[in-house]
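These are the residues of each chain, in order.
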Amino acid sequence: MSATKLFSDFYERPDVVTIAKELLGKTLVTCIDGFYTAARITEVEAYAGRNDKACHANGGLRTARTEMMYARGGMAYVYLCYGMHHLFNVVTNKEGMADAVLIRAVMPLAGEEHMLQRRGKPTVTKILSSGPATLSQALGIKTKLHYGTDLAGELIWIEDARVLKPEEIVVSTRIGVDYAEEDALKPWRFYQADMPWVSKKLKQDQLLSEF
DNA sequence: AATTAGATGTTCT
DNA sequence: GAACATCTAATTA
């Protein structure tokens, strides 16, 4: 049970889809406002830089918001979604490539009492942290404070765990990217099979017809 | 169980 | 001014 923090050698690899799948099962840890919280990553999506119409960096777009996507792998890209939700991404690949993995759901492992307080919930259920905005709220991640946080530091980091087998992973299209034309069909969402801690489960008929 | 509407603010056209 | 990598409560069935 040696919990090993992940560093650049993990994050700076070139294939964002591989990194996304390998992040499943690993432990996302925050030490924010003096509260230690840890959770198992159960759902992710890959966003593939400037050639992905669903990605904020599509076409090489560089703005104040997207600038952090172009950093080297291992930084936090956090942004405000729909005016009120903080979505947490891990930047991957080399500097300038703008790949990132969106963390979409986690299962609490430690510091549940702080997560409940931040979310205003009485008990630990899947709605505590099964969704990209709810997990950020549970872990205390906020856009203005944590944009550009180095995951090698002491505020937000990820600890290693075994890589899941292919049969333990469900593949689907990404959520909420219908505007992305053909790239909306890319099977770049991954979640751990047989886990309640997922934002949206696929129905059986979708599983068979699409993949 | 499934669908809908409203909240909210930053970004980009 | 439109769109947006969403969530929740309320409504319909």
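Residues numbered from 1 in each chain as written. Chains lettered and ligands numbered in written order. Predicted model: local features only at pLDDT ≥ 70, side-chain atom pairs only at ≥ 80, totals over all residues. Heavy atoms only, no water.

Got a sec to walk through the overall build of chain A? Specific residues and values, please.
Counting secondary structure elements, chain A contains 6 helices and 8 strands. Element order for chain A, N to C, with α for helix and β for strand: α-α-β-β-β-β-β-α-α-α-β-β-β-α. Radius of gyration (C-alpha) of chain A: 16 Å, near the 17 Å computed for a compact globule of 211 residues. Along the three orthogonal principal directions, the C-alpha set of chain A runs to about 40 × 40 × 35 Å. Here chain A holds 211 residues, and 54% of them are scored as buried. Restricting the contact set of chain A to residue pairs at least 6 apart, pairs at least 24 apart contribute 62%. Total accessible area on chain A is roughly 10000 Å²; 57% of this is exposed by carbon and sulfur atoms. Side-chain charges of chain A comprise 26 positive and 26 negative groups, with the mean position of each set lying 4 Å from the other. (Helix = DSSP H or I, 4+ residues; strand = E, 2+ residues; numbered from the N terminus. Rg over C-alpha atoms; globule rule 2.2 N^0.38 Å. Buried < 20%, exposed > 50% of the residue type's maximum accessible area, 1.4 Å probe, protein only. Contact = heavy atoms within 4.5 Å. Areas by Shrake-Rupley, 256 points an atom, 1.4 Å probe, with all protein chains shown as cover. Lys, Arg positive; Asp, Glu negative; His and termini not counted. Charge placed at Lys NZ, Arg CZ, Asp CG, Glu CD.)

Explain the protein's contact with DNA strand C residue by residue, including any values.
In the vicinity of DNA strand C, 20 residues are found, and the nearest of them are Y79, H85, N89, R119 and Y179. For DNA strand C, the fraction of protein-proximal atoms (within 4 Å) that sit in sugar or phosphate groups is 60%. Within the contact set of DNA strand C, a base oxygen lies 3.2 Å away from a side-chain nitrogen or oxygen of H85. Between DNA strand C and the protein, one listed contact pairs a base nitrogen with a side-chain N or O atom of N89 at 2.5 Å. Secondary structure elements with two or more residues in the surface near DNA strand C: β3 (76–81), β4 (85–92), β5 (99–110) and α4 (132–139). Of the residues contributing to the surface near DNA strand C, the split by class is 12 nonpolar, 6 polar and 2 charged. (Near = heavy atom within 4 Å. Polar contact = N/O pair within 3.5 Å; in protein donor to acceptor, adjacent residues only side chain to side chain. Nonpolar A, V, L, I, M, F, W, Y, C, P; charged D, E, K, R; others polar.)

Could you give me a rundown of empty space enclosed by the protein, with the residues and numbers involved?
In this structure the tally under the stated criterion is 1 cavity of 30 Å³ or more. The computed volume of the largest cavity comes to approximately 40 Å³. Residues belonging to the lining of the largest cavity are distributed by class as follows: 5 nonpolar, 3 polar and 2 charged. (1 Å grid on protein atoms, 1.4 Å probe; cavity = no way out; pocket = protein on both sides within 12 Å on 5 of 7 lines; lining within 4 Å. Points joined across faces, edges and corners; volume = space filled by probe spheres on them.)

I'd like to hear about the layout of surface pockets, residue by residue, with values.
Where empty space is left becomes clear once a probe the size of a water molecule has been rolled over the atoms. Its boundaries defined by the atoms lining it, the largest pocket holds a volume of some 440 Å³. What lines the largest pocket is a set of 21 residues, and nearest its centre among them are Y79, C81, Y82, L87 and I175. Mapped by element, the contributors of at least two residues to the lining of the largest pocket are β3, β4, β5 and α4. The class makeup of the residues in the lining of the largest pocket is 15 nonpolar, 5 polar and 1 charged.

Now, about the pairing of β3: what can you tell me, with residues and values included?
Regular strands place side chains that alternate from one sheet face to the opposite one. The element β3 is extensively covered by neighbouring structure, given that 5 of its 6 residues are classed as buried. Judged from the 6 bridges that link them, β3 and β4 form a sheet pairing that is antiparallel. Note on β4: the bridge partner recorded for Y79 is L87. Counting the residues in the hairpin turn of β3 and β4 gives 3 residues, including Y82, whose phi is positive at 55 degrees. (Pairing = 2+ DSSP bridges.)

How would you explain the protein's contact with DNA strand B if you had to name every residue and give the values?
Lining the immediate environment of DNA strand B, one finds L61, T63, L80, Y82, G83, M84 and K144. Among all atoms of DNA strand B positioned within 4 Å of the protein, those belonging to sugar or phosphate total 48%. Within the side chain of T63, an N or O atom sits 2.5 Å from a phosphate oxygen of DNA strand B. Within the backbone of G83, one N or O atom sits 3.1 Å away from a sugar or linking oxygen of DNA strand B.

An account of the pattern of salt bridges is needed here, citing residue identities and associated values.
Counted under the stated rule, the structure contains 14 salt bridges. For the salt bridge of E12 with K94, the shortest nitrogen-to-oxygen distance reads 3.6 Å. Of the two residues, E12 is situated in the loop between α1 (8–11) and α2 (16–23) and K94 in the loop between β4 and β5; the sequence distance between them amounts to 82 residues. Classification of E12 by relative accessible area gives buried; the value is 18%. K94 sits in the partly exposed class, given a relative accessible area of 47%. R174 is the partner of D52 in a salt bridge, and the nearest nitrogen-oxygen pair spans 2.7 Å. Separated by 122 residues along the polypeptide, D52 in the loop between β2 (35–48) and β3 and R174 in the loop between β7 (169–172) and β8 (189–192) bring together distant segments of the chain. The exposure class assigned to D52 is buried, which follows from its relative accessible area of 1%. (Salt bridge = Lys/Arg side-chain N within 4 Å of Asp/Glu carboxyl O.)

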